Amino acid sequence: MIKNYILLAWRNLIRHKTFSIINILGLSAGIAFVFLIGAYIWGELRVNNSIPDNDRVFILQSKWQKADMGMSLTTPAPLAKALRENFPDLVADYYHHDGISSIVSKGNKYFREGLQPGDASFLTMTGFPLLYGDARTAFNNPNAVVLTAAKARKYFGRADVIGETLTFQSFAGTKQDFIITGVLKDLPYNTVTNFTNTSNEIFLPTESLRFFGRYDGFQAWPNVYIVNYVKLQAGVQPADLQKPIQQLLKLNASPEIAANLQVQLVPLNEYYLQLNNGLARRMVYTLSFVALFILLMAVINFINITVGNSTTRLKEIGVRKVMGGSRQQLIGQFLIESIVLALISVILALGIYQWAIPFCSKMLGRPLPSLTALPLQFMLIPVLMALVTGTLAGLYPAFILSLQPSVDSLKGKLKTVKEKVAFRRSLVALQFTTAIVVFVGAIVVDKQLSFSFNSSLGYDKEQVITAAVPRDWTVKGVQHMEMVRDEMATLPAVSSASFSYEIPDGMSGNDNMKLYKAAEDSSRGINVTGLSTDDQYATTYKLQLAAGKFLERDTTALVINEKAARALGWNDPHAALGQNMRFQGSQQRYTIAGVVKDFHFTSKHEAIGPMAFLHVKNTLMYRYLSFKVKPGNMPETLAALEKKWAAVMPGAPFDYKFIDDTLGFMYRSEIQLKKAAQMATLLSLVIVLLGVFGIVALNISRRMKEVGIRKVLGASGWQIITLFLKEFAWMILLANLIAWPLAYLVLENWLSNFVYRIHINWIPFATVALVIAALITVMVTIQTFVRALNNPVRNLRSE
């Protein structure tokens, strides 16, 4: 019996090719989208899941009363270690690490790499598996290095490299060989090795910091820029550590730090979702709702089109009843047909998923797993989707149409059926509402990103290239960098060049200093972001001066921005010129030589803060070289830069980035959301049009004779088309009335994350309403003309 049902179902699918293809494509596209978003969300929720007991591992975060005193990510350097040593009944283990970058080489291979020096507990706490080496002894040697298999292949072409050496360069320019004692299996995304925007894959012991000149700072309480983790004893709650932490801060930290710092314990299994004010969590929620509504739209379409097609089979039902077919057989037939159609859609959706993985991985900024990499329970989801969707779509023809008397069915009548037309049309209105919200959202997201990229940043980002440079933080090193800068600036394609500690990449924050008037107490000072740079920085980035001049050769000169001038009490920038200033903790006096106009050094999520520029000859700190290049043949310019770079800095890799690309990385989450919204908009519009197709097909199939009579009695084609359009007018109106305030509230909430943002006006709403209305009008017109107006005589014929 089941075999016959499936065979008849297949024959009916072939017979109604148009309906079958549209139904299968619509549902498969919706399921594929849901599956892609579901795989992404599954990956986001599993971040840090590979770490054992991650519900007992906590990252220590800072909540400062004065925001400029430190970062939320980091805490005083020795805090985790002190908690373990002083409160072993509460803390089972700890891990704290620094984050630096250095030039790593092997033979003629030179790369700038992110390094993570930290405690030997790194491997035991994280549980990251070693392919080669012993986790218990891997960090015993001060010159040991543990790296991932990917990094091993990068330098040696193979993974088994125990005993091999890599050469590291210190900030003073010296070099030293480190012995590889462990090779990690390539790591899944996690927040221990990806604690910033970059991923660390090379790990060093704490003692290695002596070589880099950072060992003392790694042990010092005044250093509040170290990442700390603790693993609590079983049964211990985060609240149990609050008093011990306060005791340690009061005993060891400065009074100012102890008074202003509150340490919070964030569980590692939730930390990723809470990063950046819950950005990942918001992305998960947003994409979940979008995927849910896309699936709902696809299911509604499937049901509408299936029901619309089933009403054309009344005569078939009558014939089968007359020939002895039972109601149970008819119910089984319709349900099997619908489920088979849904199963075909699911199979096609899985194929679309596999095909779309590369594109969606790039769009979402995360690698999506292939079908074979997903857990077995994931395979049950599409099967359940097919069964539920197929059953819902088959219920109407199975239980309602099978009740029709044989005579009425043979005549093609449907008089005894009390249809829930209003309910079905409400579902279509829900489709319109979803499409409008998604469409308006895509427009607003695009406008905000355009505003962030294209509105004035206060500096000129066009044609600016940056590259990290070797660090030699000595007088000789600064002199060498001046020579390098001047040599690079001699290239015809280079307008100017500058070296500095920071570039506008959204990563500043470690350089907060308290600046105050030399004649006053430091308590009346302000926290500023200090920027160590040379006298060419303003020229390279086209910073505009509000008063005075930029840094020159005078190493005691100081330049501040307008925000800093106002915070210090000078509303007129010129009034700040010549004022003597000091930084807390230093006896040196500085004289304000200039005030630059405010510019966006970080993203537009944050307000412009006070800044102070110091000459690099005074600080001896630099990390980047910036080039302002002339428009023209960019490949030729880059080749010239690389050639000159190799000549003046042999052995240093030329890893360059355009500031435009750097800004793109700063807004990567918004860009991902923009791409996902565009894809969802396109898909929702397709599904809406398929829904319109289903409703129109259903109405026309029932009103063919009515259309024929109207045509014969003189009704014009447009009058008949208007007859069907009226059915959608109230649905479109209702959808807009619901969607507009909903979209406004959602988008206002999203825009609140930007300090500098656009303001929503009526144009996106009106544009979307007109576009959707136009598309629906075109779809209804084509359907009505093709199916109802081309031959009224055939519609009136009785059979």
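Here is what the cut-offs are and how they apply
- In every chain, residue numbers begin from 1 and rise along the written sequence.
- Where totals are concerned, whole chains, interfaces and linings use all residues; where local detail is concerned, this predicted model gives features only for residues with pLDDT of at least 70, and gives and counts side-chain atom pairs only at 80 or more.
- To get the side-chain values, take all heavy atoms of the structure and skip hydrogens and water.
- A helix here means a DSSP run of H or I that spans at least four residues, while a strand means a run of E at least two residues long, and both kinds are numbered starting from the N terminus.
- Think of it in three bands: with a 1.4 Å probe and only protein chains considered, a residue is buried below 20% of the maximum accessible area for its type, exposed above 50%, and partly exposed in between.
- Here, residues are in contact when the closest pair of their heavy atoms is within 4.5 Å.
- All accessible areas in this document rest on Shrake-Rupley with a 1.4 Å probe, and a residue is counted as covered only by the protein chains that are shown.
- To obtain an axis, a line is fitted to C-alpha atoms, over the contacting stretch when the element is a helix, and the angle between two such axes runs from 0 to 180 degrees between their N-to-C directions.
- We call two directions roughly parallel when the angle between them is under 35 degrees, roughly antiparallel when it is over 145, roughly perpendicular when it lies between 65 and 115, and oblique otherwise.
- What makes a crossing left-handed is the near helix being turned counterclockwise from the far one by less than a right angle; a clockwise turn instead makes it right-handed.
- Note on residue classes: Ala, Val, Leu, Ile, Met, Phe, Trp, Tyr, Cys and Pro are nonpolar, Asp, Glu, Lys and Arg are charged, and everything else, Gly too, is polar.
- In the sections that follow, a salt bridge refers to a side-chain nitrogen of Lys or Arg positioned within 4 Å of a carboxyl oxygen of Asp or Glu.
- A patch is a set of surface residues, each over 30% in relative accessible area and not in a salt bridge, joined within 9 Å for like charges and within 5 Å for the nonpolar side chains Val, Leu, Ile, Met, Phe, Trp and Tyr.
- Aromatic rings from Phe, Tyr and Trp, with only the six-membered ring used for Trp, were paired whenever their centres fell within 6.5 Å, and each pair was classed as stacked if the ring planes differed by under 30 degrees, edge-to-face if by over 60, and tilted otherwise.
- In our convention, an over-ring charge means Lys NZ or Arg CZ found within 6 Å of a ring centre and within 35 degrees of that ring's normal.
- Helix span, expected: 1.5 Å multiplied by one less than the number of residues in the helix.
- Directions pointing from the helix axis toward each C-beta atom define the arc.
- The quantity known as pLDDT measures the predictor's confidence residue by residue, on a range of 0 to 100.
- Between N or O atoms, a polar contact is any pair within 3.5 Å; within protein, one atom must be a potential hydrogen donor and the other a potential acceptor, and residues adjacent in sequence are included only when both atoms are from side chains.
- To define a nonpolar core, start from buried Ala, Val, Leu, Ile, Met, Phe, Trp, Tyr and Cys residues and group those joined through side-chain atoms within 4.5 Å.
- Between any two strands, pairing holds if DSSP finds at least two bridges.

### Comments concerning the overall build of the chain
Part 1 of the reasoning: Summing up its helical and strand segments, the chain has 25 helices and 22 strands in all.
Part 2 of the reasoning: Out of the 799 residues in the chain, the part that is buried amounts to 53%.
Part 3 of the reasoning: Across the chain, contacts joining residues at least 24 apart in sequence account for 80% of those joining residues at least 6 apart.
Part 4 of the reasoning: Per element, the accessible surface of the chain, about 35,200 Å² overall, is 59% carbon and sulfur.

### What about the environment of Ala518?
Part 1 of the reasoning: Position of Ala518 relative to the elements: it lies in the loop between strand E14 (512–517) and strand E15 (526–533).
Part 2 of the reasoning: In this structure, the C-alpha to C-alpha distance between Ala518 and Thr591, residues 73 residues apart in sequence, is 9.7 Å.
Part 3 of the reasoning: Among residues more than four places away in sequence, those in contact with Ala518 are Asn580, Met581, Arg582 and Arg589.

### Side note on the packing of helix H15 (residues 475–489) against helix H19 (residues 634–648)
Part 1 of the reasoning: Where H15 contacts H19, the two axes come as close as 10 Å, and the packing angle between them is 150°. Classified by the interaxial angle, the pair formed by H15 and H19 is roughly antiparallel. Taken as a pair, H15 and H19 cross one another with a handedness that is right-handed. The residues of H19 that touch H15, namely those facing His480, Val484, Glu487 and Met488, are Leu641, Lys644, Trp645 and Val648.
Part 2 of the reasoning: Among the residues forming the contact of H15 with H19, the class breakdown is five nonpolar, one polar and two charged.

### Description of the pattern of salt bridges
Part 1 of the reasoning: With the rule as written, the count across this model stands at 19 salt bridges.
Part 2 of the reasoning: A salt bridge links Lys514 to Glu256; the shortest N-O distance between them is 3.3 Å. Of this pair, Lys514 sits in strand E14 while Glu256 is found in helix H8 (residues 255–260), placing the two residues 258 residues apart along the sequence.
Part 3 of the reasoning: The exposure class assigned to Lys514 is buried, which follows from its relative accessible area of 9%.
Part 4 of the reasoning: A residue is classified by how much of its surface remains accessible, and Glu256, at 28% relative accessible area, is partly exposed.
Part 5 of the reasoning: Ionic pairing is found between Arg485 and Asp486, a salt bridge with its closest N-O pair at 3.1 Å.

### A short note on a nonpolar patch on the surface
Part 1 of the reasoning: A grouping of Tyr285, Phe289, Leu292, Phe293, Leu296 and Leu430 is seen on the molecular surface, where their side chains present a nonpolar patch of about 550 Å² in accessible area.
Part 2 of the reasoning: Looking at which element gives the most residues to the nonpolar patch, the answer is helix H9 (residues 268–310), with five residues.
Part 3 of the reasoning: When its relative accessible area of 33% is taken as the criterion, Leu296 is described as partly exposed.

### Details of the packing of aromatic side chains
Part 1 of the reasoning: What the rule picks out here adds up to 27 aromatic pairs.
Part 2 of the reasoning: Ring centres of Phe550 and Phe613 lie 5.4 Å apart, and the angle between their planes is 70°; on these two criteria the pair is classed as edge-to-face. One end of the pair, Phe550, is in the loop between strand E16 (545–548) and strand E17 (557–561); the other, Phe613, is in strand E20 (residues 611–615), and 63 residues separate them in sequence.
Part 3 of the reasoning: Note on Phe613: relative accessible area 0%, which makes it buried.
Part 4 of the reasoning: Three or more aromatic residues joined by ring pairs make a cluster, and in this case those are Phe168, Phe171, Phe178, Phe211, Phe212, Trp473 and Tyr501.
Part 5 of the reasoning: It is Arg210 that lies over the ring of Tyr215; its NZ or CZ is 3.7 Å from the centre.
Part 6 of the reasoning: One cation-aromatic arrangement involves Arg623 over Tyr501; the distance from NZ or CZ to the ring centre is 4.2 Å.

### Comments concerning H15
Part 1 of the reasoning: Its 15 residues give H15 an end-to-end C-alpha distance of 21 Å, which sits within 8% of 21 Å, the value for a rise of 1.5 Å per residue.
Part 2 of the reasoning: Inspection of H15 places Gly477, Val478, Met481, Glu482, Val484, Arg485 and Met488 among the buried residues, and these make up the whole buried set. Buried residues of H15 fall within an arc of 165° about the axis and therefore sit on the same side. Set apart from the buried face of H15 by more than 90 degrees, the exposed residues are Val475 and Lys476.
Part 3 of the reasoning: Of the surrounding elements, those touching the buried residues of H15 are strand E13 (494–500), helix H18 (616–619), strand E21 (624–629) and H19.

### Examining the confidence of the model for the chain
Part 1 of the reasoning: Across the chain, pLDDT averages 80, with 82% of residues at or above 70.
Part 2 of the reasoning: Scored below 50 in pLDDT, residues 406–410 makes 15 contacts in the model with residues more than four places away or belonging to other chains.
Part 3 of the reasoning: Of the regions scoring below 50 in pLDDT, residues 414–419 engages in 16 contacts with residues more than four places distant in sequence or in other chains.

### Describing the environment of Ser28
Part 1 of the reasoning: By the secondary structure assignment, Ser28 is in helix H2 (residues 17–45).
Part 2 of the reasoning: Residue class for Ser28 comes out buried when judged on its relative accessible area of 0%.
Part 3 of the reasoning: Not counting the four nearest positions on each side in its chain, Ser28 is found in contact with Ser345, Leu348, Ala349 and Ile352.

### Brief notes about the side chain of Gln116
Part 1 of the reasoning: Within the secondary structure layout, Gln116 lies in strand E4 (residues 109–118).
Part 2 of the reasoning: Taking relative accessible area as the criterion, Gln116 reaches 1% and is therefore assigned buried.

### Considerations on the environment of Asp186
Part 1 of the reasoning: Mapped onto the secondary structure, Asp186 falls in the loop between strand E8 (175–184) and strand E9 (202–205).
Part 2 of the reasoning: Given a relative accessible area of 36%, Asp186 falls into the partly exposed group.
Part 3 of the reasoning: Excluding residues that lie within four positions of it along the chain, Asp186 makes contacts with Thr148, Ala149, Ala150 and Arg153.
Part 4 of the reasoning: From its side chain, Asp186 meets the backbone nitrogen of Ala149 in a polar contact 3.4 Å long.
Part 5 of the reasoning: Polar contacts involving the side chain of Asp186 include one to the side chain of Arg153, which spans 2.9 Å.

### Describing the packing of helix H3 (residues 79–86) against helix H7 (residues 242–252)
Part 1 of the reasoning: Closest axis-to-axis distance for the H3/H7 pair is 11 Å, and the angle between their directions is 115°. When the interaxial angle is binned, H3 and H7 end up roughly perpendicular. Classified by chirality, the crossing of H7 by H3 is right-handed. In this structure, H3 contributes Leu79, Ala82, Leu83 and Asn86 to the contact, and H7 contributes Pro244, Ile245 and Leu248.

### Thoughts on the nonpolar core
Part 1 of the reasoning: The biggest cluster of nonpolar side chains holds 86 residues, and the ones touching the most others in it are Phe33, Leu368, Phe432, Val440, Phe728, Ile772 and Ile776.
Part 2 of the reasoning: When contributions to this core are tallied by element, the ones reaching two or more residues are H2, H9, helix H11 (327–364), helix H12 (376–400), helix H14 (421–454), helix H21 (668–702), helix H23 (717–751) and helix H24 (763–789).
Part 3 of the reasoning: Sorting elements by how many residues they give to this core places H9 first, with 14 residues.
Part 4 of the reasoning: In this structure, Leu90, Ile245, Ala253 and Leu265 belong to the second largest nonpolar core, which totals 26 residues.

### Things to note about the pairing of E17
Part 1 of the reasoning: By the criterion of burial, E17 is predominantly enclosed, with five of the five residues buried.
Part 2 of the reasoning: Residues of E17 alternate between two faces, with Ala557, Val559 and Asn561 on one and Leu558 and Ile560 on the opposite face, all of them buried.
Part 3 of the reasoning: With five bridges joining them, E17 and strand E19 (residues 590–596) adopt parallel strand pairing. Of the residues in E19, the one forming a bridge with Val559 is Gly594.
Part 4 of the reasoning: Of the strand pairs in this sheet, E17 and E20 are connected by three bridges, and their pairing is antiparallel. In the sheet register, Leu558 faces E20, and the bridge partner there is Leu614.

### What about unusual backbone geometry?
What you tend to see is this: most non-glycine residues have negative phi, and most peptide bonds are trans.
Part 1 of the reasoning: Positive phi, normally seen in glycine, also occurs at Asp53, with a value near 55°.
Part 2 of the reasoning: Inspection of the secondary structure assignment puts Asp53 in the loop between H2 and strand E1 (57–64).
Part 3 of the reasoning: Classification of Asp53 as partly exposed rests on a relative accessible area of 36%.
Part 4 of the reasoning: Of note, Gln463 is a non-glycine position whose phi angle comes to about 60°, a positive value.
Part 5 of the reasoning: Looking at Gln463, the relative accessible area reads 25%, which means it is partly exposed.

### A short note on helix H5 (residues 149–156)
Part 1 of the reasoning: Buried within H5 are the following residues: Ala149, Lys151, Ala152, Tyr155 and Phe156. The buried residues of H5 occupy an angular sector of 160° when projected down its axis, which confines them to one face.
Part 2 of the reasoning: Among the residues trailing H5, Gly157 stands out with phi positive, at a value near 80°.

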